[in-house]
Amino acid sequence: MQRLPKKSLKRLLIDNSILEAIRQGRYREVIDSDVSAKKIPDGRSLIISYYQGNQYICTKHELKTKRGRTVHQDVEAVLISGIHYERE
């Protein structure tokens, strides 16, 4: 496992077309955690993992409004070419 700053993790997702594939719905989404967001009234804080078949792709954190609009997201972890990267 390698630890990287969040900007570097996001760059990995962009450079490997993972973020685009998530937006296109090509990965199976699994909500690992769904709790009240402290900074958004009636909002949700979600930890979401993505899989292609049974293969883990990445995990991200999202803050959503009551109406479901994503107002914040960060990459927490990603697996690329057998290397697991996590956020510092």
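The following refers to the structure shown. Each chain has its residues counted from 1, following the order in which its sequence is written. Reporting of local features is limited, given that this is a predicted model, to residues whose pLDDT is at least 70; pairs of side-chain atoms are given and counted only at 80 or more, and all residues count toward the totals for whole chains, interfaces and linings. Side-chain descriptors were evaluated using all non-hydrogen atoms of the structure, hydrogens and water having been removed beforehand.

Counted as salt bridges are all cases of a side-chain nitrogen of Lys or Arg within 4 Å of a carboxyl oxygen of Asp or Glu. One pass over the structure, following the stated rule, counts 8 salt bridges. For Glu86, the salt bridge identified is with Arg3, shortest N-O distance 3.7 Å. Of the two residues, Glu86 sits in strand 6 (residues 83-87) while Arg3 sits in strand 1 (residues 2-4), which places them 83 residues apart along the sequence. One salt bridge in this structure joins Asp15 and Arg11, with 3.1 Å as the shortest N-O distance. Taken together, the positions of Asp15 and Arg11, both in helix 1 (residues 6-15) and 4 residues apart, correspond to about one turn of that helix. The network of salt bridges with common partners includes Lys6, Asp74, Glu76 and Arg87. Counting from the N terminus, the helices are the DSSP runs of H or I reaching at least four residues and the strands are the DSSP runs of E reaching at least two.

Quick look at the sheet that holds strand 1 now. Paired strands, in this sense, are two strands between which DSSP finds at least two bridges. With respect to topology, 6 strands assemble into an open sheet ordered 1-6-5-4-3-2, the strand pairing being mixed. A single partner strand is all that each edge strand has here, and the edge strands are strand 1 and strand 2 (28-36). Adjacent strand axes in the sheet meet at a mean angle of 25 degrees, parallel and antiparallel pairs treated alike. For strand 1 and strand 6, the ladder comprises 3 bridges, and the chain directions are parallel. Across the sheet, Leu4 pairs through a bridge with Arg87, a residue of strand 6. Residues are treated as being in contact if the distance between any of their heavy atoms lies within 4.5 Å. To obtain each axis, a line is fitted to C-alpha atoms, and for helices this fit is confined to the stretch in contact; angles are then taken between N-to-C directions over 0 to 180 degrees. Strand contacts of helix 1: strand 1, strand 4 (55-64), strand 5 (70-80) and strand 6, with the helix running at about 75 degrees to strand 5, the strand carrying the most contacts.

So, on to helix 1. Of the positions making up helix 1, those classed as buried are Leu9, Leu12 and Leu13. One side of helix 1 carries all its buried residues, which in axial view fall inside an arc of 95 degrees. Residues of helix 1 that are exposed and point more than 90 degrees away from the buried face comprise Lys7 and Asp15. Taken together, the buried residues of helix 1 touch strand 1, helix 2 (18-23), strand 4, strand 5 and strand 6. A simple rule labels every residue: compare its accessible area, found with a 1.4 Å probe on the protein chains alone, to the largest value its type can have, and call it buried under 20%, exposed over 50%, or partly exposed in between. This arc describes the spread of directions from the helix axis toward the C-beta atoms.

Moving on to the side chain of Ser45. Looking at where Ser45 falls in the secondary structure, it is placed in strand 3 (residues 44-52). Ignoring any residue separated from it by four or fewer positions in sequence, one finds Ser45 in contact with Ser33, Asp34, Val35, Ser36, Ala37, His61, Glu62 and Leu63.

Our focus in this paragraph is the side chain of Ser49. With respect to the helices and strands, Ser49 occurs in strand 3. Under the relative-accessibility criterion, Ser49 is labelled buried at 4%. In this structure the side chain of Ser49 is engaged in a polar contact, spanning 2.9 Å, whose partner is the side chain of Thr59. Residues within four places of Ser49 in sequence aside, it is in contact with Arg28, Glu29, Val30, Asp32, Tyr56, Cys58 and Thr59. Under this definition, polar contacts are N or O atom pairs within 3.5 Å; protein pairs additionally need one hydrogen-donor-capable and one acceptor-capable atom, and for neighbouring residues in sequence, both atoms have to be side-chain atoms.

Purely geometric stuff here, so don't read any function into it on its own.
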